[in-house]
Amino acid sequence: MGGHHQRRAMKDGLDSVAIRRLADNLKRAHTDFDADGFVTLAMTGLEELELKARVAQVAAAMGRYLQPDPKEAIAGILGAVPEWDRGPAGDSLRGFATWPVFVFVETVGLALGEFGLRALGQLTHLFSAEFAIRSFIKKNTEASMAVVNEWASHPDEEVRRLASEGIRPRLPWAGKLTQFVQDPTMVIEVLDKLVDDESLYVRRSVANNLSDIAADHPDLAVATCKRWLKTPTAERRWIAKRATRNLIKS
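From a predicted model like this one, the values you see are computed outputs, not experimental measurements.

Rules used throughout
- Residues numbered from 1 in each chain as written.
- Predicted model: local features only at pLDDT ≥ 70, side-chain atom pairs only at ≥ 80, totals over all residues.
- Heavy atoms only, no water.
- Helix = DSSP H or I, 4+ residues; strand = E, 2+ residues; numbered from the N terminus.
- Rg over C-alpha atoms; globule rule 2.2 N^0.38 Å.
- Buried < 20%, exposed > 50% of the residue type's maximum accessible area, 1.4 Å probe, protein only.
- Contact = heavy atoms within 4.5 Å.
- Areas by Shrake-Rupley, 256 points an atom, 1.4 Å probe, with all protein chains shown as cover.
- Lys, Arg positive; Asp, Glu negative; His and termini not counted.
- Charge placed at Lys NZ, Arg CZ, Asp CG, Glu CD.
- Salt bridge = Lys/Arg side-chain N within 4 Å of Asp/Glu carboxyl O.
- pLDDT = per-residue confidence, 0-100.
- Core = buried A, V, L, I, M, F, W, Y, C linked by side-chain atoms within 4.5 Å.

*Asks:* I tried to follow the overall build of the protein chain on my own but got confused; where do I start?
*Replies:* Check the secondary structure of the protein chain and you find 15 helices and zero strands. The C-alpha radius of gyration of the protein chain comes to 19 Å, within 12% of the 18 Å expected for a compact globule of 250 residues. Taking all 250 residues of the protein chain together, 47% fall into the buried category. Pairs at least 24 residues apart make up 71% of the contacts formed inside the protein chain by residues separated by at least 6 positions. Only carbon and sulfur atoms are counted for the fraction: they give 53% of the accessible area of the protein chain, which is about 11,900 Å². Within the protein chain, the 33 negative side-chain charges are centred at a point lying 7 Å from the centre of the 34 positive side-chain charges.

*Asks:* When you look at the pattern of salt bridges in this model, what are you seeing that I'm missing?
*Replies:* Two side chains carrying opposite charge are able to pair once their charged atoms lie near each other. Within this structure, the stated rule accounts for 15 salt bridges. E130 serves as the salt-bridge partner of R161, at 3.0 Å between the closest nitrogen and oxygen. One end of the pair, R161, is in helix α9 (residues 157–165); the other, E130, is in the loop between α6 (114–123) and α7 (133–139), and 31 residues separate them in sequence. By the burial criterion, R161 is buried, and E130 matches it. One continuous salt-bridge network, built from bridges that share partners, spans E130, R161, E165, R168 and D212.

*Asks:* Help me out: how do you make sense of the confidence of the model for the protein chain in this one?
*Replies:* Reading fine detail from the predicted coordinates is not recommended where pLDDT is low. Scored by pLDDT, the protein chain comes out at a mean of 94, with 96% of its residues at no less than 70. Note on residues 1–5: pLDDT under 50 across the span, and six contacts to partners over four residues away in sequence or across chains.

*Asks:* How should the nonpolar core be read in this particular structure?
*Replies:* In summary, soluble globular proteins display a tendency toward joint burial of nonpolar side chains. Among the nonpolar cores identified, the biggest contains 75 residues, and L26, F38, M62, I77, L123, W151 and L210 are the most heavily contacted of them. If we skip the residues at most four places from it in the chain, W151 touches L117, R118, G121, I133, V159, R160, L162 and A163.

*Asks:* Explain the side chain of N149 here, please?
*Replies:* Note that N149 resides in helix α8 (residues 141–151). Ignoring anything within four residues of it in the chain, the contact list for N149 reads V190 and K193.

What follows is the structure, encoded as structure tokens:
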């Protein structure tokens, strides 16, 4: 992460500068937001914390200072997205400043069902909602996967990538989606829609997702590759090779 001249830890993406920028963004979302109170609470003891603990603390501070109605709180955030200050374009860590927003929306939005899930789809281009959508999938698999299948044909490549990355059975840094570890049929249905995506960013996620599946269902992963390669393209070959690379090693 970052250039050689500035070896910054990932947690530095969520420092005092990033939290102040987040406060300004939230002030745009809700004019009555107490930005100073939020910054003070979010920063308390922050220096001692690692990245994920920082994310949790800042998300909790959002919960304390944003309006109590979850739907209104989320709607305000979505309204501020067009003017969202993401930080300096050259900063490889700038996305981490938005991670607490996803945790907040996941936390208060889970009870709102589809509204909360769709909100994460609208926010994903700010960082990535791949971790946050998993709670929705666990809670209501059928309804959530209906939305994910819609996302697979979304015009925004970030949303299409989310459709694959968010349903990986063994996504790194995230808890397993146990139902998809056991039976990845619904996942394969989404990957079938994305295998020929024009974006390498999306196709790489498809390959990594199928690699997850291969860890538990090698025969299914190989059969899926063979099915895709009945109409072979260079892109499909690349996906198949990447998805089965760990099988070939072992």
